[in-house]
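Architecture at a glance
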Amino acid sequence: TSFINNLFSSLQGDKKDFFIASAKQKTAIWLQEAYFSTDNNINAWDFFFKKIKEFEDEIRLRDDRTESSVLSNIKIALEILMIMYYQIVLEKRKTFTFYDFVNTENIQLFLVNNKQYEAKLTPYLNGLTATYINTIMGKNDTKEHLILNLFDEFLTMKIDEATRKTLLTATGYKGFCNALM
């Protein structure tokens, strides 16, 4: 849910909106259901997109303007999720989890934004960063398995305040050194 919370927070900016909050809640619930109700990534993505299609069909039948606005906000985030789906399922790209990453030695990960696609990539990268930070907190305290994190343009990142505070105050106990630029 950290990914979804930060994805939608980045999309909505500073405004608080019922439709965005509802979209965030529905998306998080559907992704959790997909994760716990399926046995692999492909089935999880299929389950998730089926839920969205069912919601869309239901709205069309009832001509519900409120839920239609919620769906519009889901579709904004959906564009990013469709890219993930395409790469993971259709192109059969190898995936990894942040848990695997933080528990593997001598590995590098670069999350790079591109000015040309910044408006679409930034929410996605903020969601990934928040998920990464929360994964770090699941590690045991250590002084041996050290990881260097370099965050360029950190002050412009729109991650939620709880995640930002965790990065700034607690990740050092988990063997992480953070350089914020």
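Look a little higher up for the structure.
Residues numbered from 1 in each chain as written. Predicted model: local features only at pLDDT ≥ 70, side-chain atom pairs only at ≥ 80, totals over all residues. Heavy atoms only, no water.

1. A closer look at the packing of helix α3 (residues 41–62) against helix α4 (residues 65–90)
Running from N to C, α3 and α4 point in directions that differ by 155°, and their axes come no closer than 11 Å. Classified by the angle between their axes, α3 and α4 sit roughly antiparallel to one another. Classified by chirality, the crossing of α4 by α3 is left-handed. Here the contact of α3 with α4 is built from residues that sort into 17 nonpolar, two polar and five charged. (Axes fitted to C-alpha atoms, helices over the stretch in contact; angles between N-to-C directions. Helix = DSSP H or I, 4+ residues; strand = E, 2+ residues; numbered from the N terminus. Parallel < 35°, antiparallel > 145°, perpendicular 65-115°, else oblique. Left-handed = near helix turned anticlockwise from the far one by under 90°. Nonpolar A, V, L, I, M, F, W, Y, C, P; charged D, E, K, R; others polar.)

2. A few points about the packing of helix α1 (residues 2–12) against helix α2 (residues 18–37)
As a packed pair, α1 and α2 sit with axes 10 Å apart at the nearest point and diverge in direction by 155°. Judged on the interaxial angle alone, α2 and α1 are roughly antiparallel. Viewed along their axes, α1 and α2 form a crossing whose handedness is right-handed. Each of Ile4, Asn5, Phe8, Ser9 and Gln12 in α1 lies in contact with α2, whose residues at this interface are Ile20, Ala23, Lys24, Thr27, Ala28 and Leu31. (Contact = heavy atoms within 4.5 Å.)

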